[in-house]
Amino acid sequence: MTDNTTKHDTEAGAGPNERVIGTPSSAESDAIVAGAADPHPQREHDGPYPASETHKHSEEEQRRGEKVASLWFTIAFLAGVGFIVAFFVFPPEAIADPQIGQYSTMALGGTLALSLFGIGAGMTVWARRVMPHYEVSSPYDELPSPPEEKRSFGEFFMKGADESGFTKRPLMRRTLLLAMAPLGIAPIVLLRDTGPLPGDKLKHTMWEQGMHMVAEGTHRRLRAEDLENEPGGMISALPYVEPTPEHPHGLSLNEQAKTSVILIKMPENDWKPGMTQQQLNWTYNNIVAYSKICTHVGCPAALYERTTHRILCPCHQSTFDAADGAKVIFGPAHRPLPQLPISVDDEGYLIANGDFPTAVGPTFWDAEKGD
Amino acid sequence: MPSMNPDAQMPRKPPVFTQEQIDDLVAYYEEEIGVAGPPVPEGVPGNMPRRAEYGDEESYEEAKAEYEEAVGAYVQGADDTAAGEKLYLTNCAHCHGWSGGGGALTGGNFAPDLREASPRQFYEAMVTGPGAMPYFNDETITPDEKQDLIAHFLTLENEPNAGGIFALNRVGQVAEGFIGWTVGLSLIVACAIWITAKQRAHD
Amino acid sequence: MSTNTDAPKALRNTGNYIDDRFHLAKTGEKNLRKVFPNHWSFMLGEIALYSFIILIITGIWLTLWFKPSMAEIVYDGSYERLNGVAMSEAYASTLYIDFDVRGGFLIRQIHHWAALIFVAALVVHMLRVFFTGAFRKPREINWLIGIAIFALAMVEGLFGYSLPDDLPSGMGVRILQGVILALPVIGTYLSMFLFGGEFPGEDIITRLYMLHILLIPGILLALIVLHVLILWHQKHTQYPGLGRTDRKVVGTPMFPAFAVKAGGFFFLTFAVTTVMSGFVQVNPIHLFGPFTPTSITSGLQPDWYMGFMEGSLRIFPNWFDFQIAGYAVPTAVLVPGLVIPGLIFGALAVWPFMEQWITGDKRHHNVGDRPRNAPVRTGLGVAGVVFYGVLWAAGSNDVLAETFHISLYWTTYFFRVALIVGPILGFIIAKRICLGLQRRDLETLEHGYESGIIQQLPSGEFIEVHREPSEETVSVLESKLEREKILAAQRSVTIDQHGVESPESRSLVGRLRAWLSHWYTKDNVSFEGAELHRGHPPEHEREEIERRRPPGAAEHPGRERPGRRQLRPGLCHAGERFPTGLRASDRAGRQVGPPPAARTKHQAALSRPQHPSQLRPPPFSRETRREPQNPPGGF
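Quick caveat, the model's predicted, so the values are computed rather than measured. Throughout, residues of each chain are indexed from 1 in the direction in which the sequence is written. Just so you know, chain letters begin at A and ligand numbers begin at 1, following the order they were written in. Two thresholds apply to this predicted model, a pLDDT of at least 70 for residue-level local features and 80 or more for giving and counting side-chain atom pairs, whereas whole-chain, interface and lining totals are computed over all residues. To obtain the side-chain values, all non-hydrogen atoms of the structure were used and water was disregarded.

Engineer: Honestly, unusual backbone geometry in this entry has me stumped. Any pointers?
Structural biologist: Trans is the prevailing form of peptide bonds, just as negative phi is the prevailing case for residues other than glycine. Residues and elements named next belong to chain A. Here the bond from Leu143 into Pro144 is cis, since omega is -10°, no more than 30 degrees from zero. Secondary structure elements follow DSSP: runs of H or I of four or more residues count as helices, runs of E of two or more count as strands, with numbering from the N terminus. With respect to the helices and strands, Pro144 occurs in the loop between β2 (134-139) and α4 (147-164). For His309, which is not glycine, the phi dihedral falls at a positive 60°.

As structure tokens, then:
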């Protein structure tokens, strides 16, 4: 394969650039032979590509280009040295302070970037101002292969296949395929122990009759009167569990992800008629507990507006009406937020009156199916 | 004040009245119209001094330094900012955002930017529930816990951005994506244009 | 200057050593002579490639410290603000990288910015390929590989975003789990197996880590290598221009110039990524705080490339949720989570074959289309961009609502409508713009540029001097003729090689195809038969042009200059020879086309291959063609 110079471009003012750009006469043909198409072989050009009209940049221009490129490379060198210096200027103890960390990041990033840019810019200047600029042409592959080559390949392949007996001996072929089948299934089988079967795990939480609740982030059990003084109060709560060394807050993340509730103190008169008697029974003294986990895809839906009683999920804006059993009033969620039945114990502490009546979290296949 | 449209949420604006006038107004309200609001403990630093209320630069600077010192002491006084972070993330961040930049509510309302708020404004907002905000009274979140929460927020807010001076207003991924396209990709494409730019005398 | 053609001894020895073992002299030279056309938009794929290399380098470095463990610990490290906070080991080790390892913060930010730029570069590269028709035969397979790279890159990014186990990243995993749970029948099983139990469990980060650093990058690397090898083998497409044909590529050779340029570009890409990482904070996980399943922040967003998924989850309503015998099928999760991305990637993957089927164009293409010359494709591309863009914008609707104080719900309503109306408008507008540009091209070809010079002829007539378009420009504009060959070829959709209406075209599928084919090609400003006019150079310039005309100019066939000339010889019109088939397409056309009376003058100006007499548009007569502002100019 040979190539052809079809065109050259020069920078303004460089060389006899008034010449009209030439194209090889064989523009439409794929048979390009450099020697034949080039009426002036090697004219003023001894580069790798036979070219009729390649202009080098003038020596003076090349020298200027070299200087600029070298300047960039020198900057890159200095910045690279700066990077190494910056690395040692900020010791590891110091960068833990965010302010020093910021200086360190900027010093390292700035020097590294400058160093990289210097190399890149220098190479670009080198390619553009020192190297001669020209474009050469080369043929694309003729597609498809000539028929005789294809025929030859086909014959060869079929003869080989025949010889191997793969086509002629079905018993062997079929038993081989049969033998592959279990091996194909094996990797899927091997993935079985990546996790337990769902069973009814997703339908139940650890909430149970008489469990106390704490304001999330504290270890203080909540009393009904804590929310008493003003309707419109809200707090995120979790079940109260004795802390263990493993879980300082007493709950694993798995348990938190299912048991988290928001407690809302509703004004007496704001309940909507849509609330069933049962749902009202699940409240205590106008305090209602809804699951905090959105039934859409599981973000914590906790954005409670006291004035409209809307509970908004900040992820996808599903909106639930806290005054109406957390029914969906807008957005992509389908199921209401499950309501946790609550009451108080003898000492006035809020307790759960059992588990959520429906599955918490994102809706799944049998979420709305009983046990 | 007065609000031109009672349905629209009031954005944060520089107060028109002086602190003294506001105090008088509150005193009048409590005396003649309503009951006093929930108490705010002593030692929660109030408002940032305003230049307009001070005759000369010196006394203003003094008041400012005093205020900042009080805020510093308040933040130092918090004993468990880790608990404060937990409380903030569980009860505040879903409206106001992790960095306090605010967020959208329904009906064209918004949870305001917290980054200009003084500790006392934090505290008052929690116990009085302005606008659509629910109450967080001193029983569900005790004054000490509120101090933790506020201290956590102020510490976070004042922390220098370790990743560089441009923190994109701590908006997060939307701003990062925007900058990634408009600055990052554009600059690289500019480099590509430089590399491939035509070198020709005419045309 | 003398050229050194004798390799220095050391180099010669190395070369001999290699060639003794691999017989590479000929192959090596052939590959070093590989030609790459010059255009900045051909570098977009390189940005993606270089970003990927940066990602691998920085990613390997980050693994030296990152601990993919969800074991819960209480932080006691050098970043004081979080001391005493319960968090996973993954989060703590990320803090360690940020605050204990020198340069750790920088490298982590380079990794993140490079990821954002990687996917962005993939997208613009893909758009370039789409709009220029570079996906056409013989490059369909490489297009499919590209789609696979794009899809995998998104998943790879999502998993990487999830690893530090900070607040937003954990929420990304939560949403992923929510979507998996919504799958009918298998959802709960899949979720349990993936998470090793319930959400969040203790396994997911370890597993995502394996996927993020081994499996997916491995596949990505293989696909990218394959992508580049295929490109190398087939050679790059090029834009129309002088000497550039479907058989011959014109550009800079690999060695020496292109290698230096491409190498320099790697450093420039790396430099831009680094300067952003040094000064613009990205994904500050130490400020977010650790993940807990009970906390959330407003303005929660994924990285930009998952934004369209987030948007579709936000705006898709729950109206279509249904139950089968009490079992829930939450379409409000399934459609945006699976169907919409499936639709986007599916449409991308199918389009090259679809277009081929519609146009019946089975030829090889190495010269890219100018987007204006394929108005329907361009229109569809714009429609797709608008569709994606609306979903993307919807993914930040809370930020928009807050910033502009718009009702949150209204943004949702707006995006729901815009998702349907936007692409249609985008299609219509883009197509109209394309046709307008075609008309302007034709104008340029026929009359040249208006120079603004008024000249008085000896007869006393005033003319405006039109400048002749340069030869380069003419060859670019003329590339439209190639396109028109394809349009002509589409008629074969309904006609077999004997000129008889093919029985296939009477079937339902055949009619659909004929209809689509008509729709795809009906609007077109035909260049065929257009006459290149040199315009009217001022007298003194005319001599100048004569003088400058090189002796070799006559070598070009069909390039009689100066003066007017016919563009390339007329095209083969299957339709003219086979009027029977035409009626079929005509019939199909009539089903959808507006009645003639409804056609505006504007539309009538477009060539519509509806009637045999219209098939070859008459050479445009001056009465109908000339714009009033272009004076006749003394033919």
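Engineer: Even after reading the chapter, I still don't get the domain arrangement of chain B, so can you show me in this structure?
Structural biologist: Interface size, as often reported, equals the accessible area lost upon joining of the parts. Boundaries between domains were set according to an automatic or database domain assignment. Segmentation of chain B into domains returns domain 1 (19-159) and domain 2 (165-203). Each of domain 1 of chain B and domain 2 of chain B has a C-alpha centre, and the two are 41 Å apart.

Engineer: Quick question: what am I supposed to make of the sheet that holds strand β3 (residues 213-215) of chain A here?
Structural biologist: Backbone hydrogen bonds are what pair the strands of a sheet, in a parallel or an antiparallel way. All names here are of chain A. A strand pair is defined by DSSP finding two or more bridges across the two strands. As summarised here, the arrangement of the five strands in space is β3-β4-β5-β6-β11, forming an open sheet in which the pairing is antiparallel. Sheet topology places β3 and β11 (339-340) at the edges, where each strand pairs with a single neighbour. Relative to strand β5 (residues 261-265), strand β4 (residues 234-239) runs antiparallel, the two sharing four bridges. Directly across from Ile235, in β5, lies its bridge partner Leu263.

Engineer: Whenever I open this one, the state of the cysteines confuses me. Can you help?
Structural biologist: By definition, a disulfide links the sulfur atoms of two cysteines through a covalent bond. Our working definition of a disulfide is a cysteine sulfur pair at a distance within 2.5 Å. Within this structure, the stated rule accounts for one disulfide over all chains. Residue Cys92 of chain B stays outside any disulfide, its sulfur separated by 8.6 Å from that of Cys95 of chain B, the closest cysteine.

Engineer: Explain a nonpolar patch on the surface to me, please; I cannot follow it from the model alone.
Structural biologist: Residues qualify for a patch when their relative accessible area is over 30% and they have no salt bridge, like charges being joined within 9 Å and the nonpolar side chains of Val, Leu, Ile, Met, Phe, Trp and Tyr within 5 Å. All accessibility values rest on the Shrake-Rupley procedure with a 1.4 Å probe; residue burial counts only the protein chains present in the view. Should a side-chain nitrogen of Lys or Arg be within 4 Å of a carboxyl oxygen of Asp or Glu, the pair is scored as a salt bridge. A contiguous nonpolar patch, built from Val417, Ile420, Val421, Ile424, Leu425, Ile428, Ile429 and Ile433 of chain C and spanning about 740 Å² of accessible area, is present on the exposed surface. Mapping Val417 of chain C onto the fold places it in helix α16 (residues 408-447).

Engineer: Even after reading the chapter, I still don't get the pattern of salt bridges, so can you show me in this structure?
Structural biologist: Pairs may arise between side chains of opposite charge once their charged atoms sit close together. Applying the stated criterion to the full structure yields 28 salt bridges over all chains. For Arg220 of chain A, the salt bridge is made with Glu145 of chain B, and the minimal N-O distance between the two is 2.4 Å. Linking Arg220 of chain A in the loop between β3 and β4 with Glu145 of chain B in helix α6 (residues 143-158), this pair reaches from one chain into another. Across the pair Asp398 of chain C and Arg314 of chain C runs a salt bridge, and its minimum N-O distance is 2.9 Å. Linking Asp398 of chain C in helix α15 (residues 397-404) with Arg314 of chain C in helix α12 (residues 307-315), this pair joins segments that are 84 residues apart in sequence. Relative accessibility under 20% of the residue-type maximum defines a buried residue, over 50% an exposed one, and the middle range a partly exposed one, all with a 1.4 Å probe and only protein chains included. Classification of Asp398 of chain C as buried rests on a relative accessible area of 7%. Salt bridges linked by common partners bring Arg136, Glu355, Asp369 and Arg377 of chain C together as one network.

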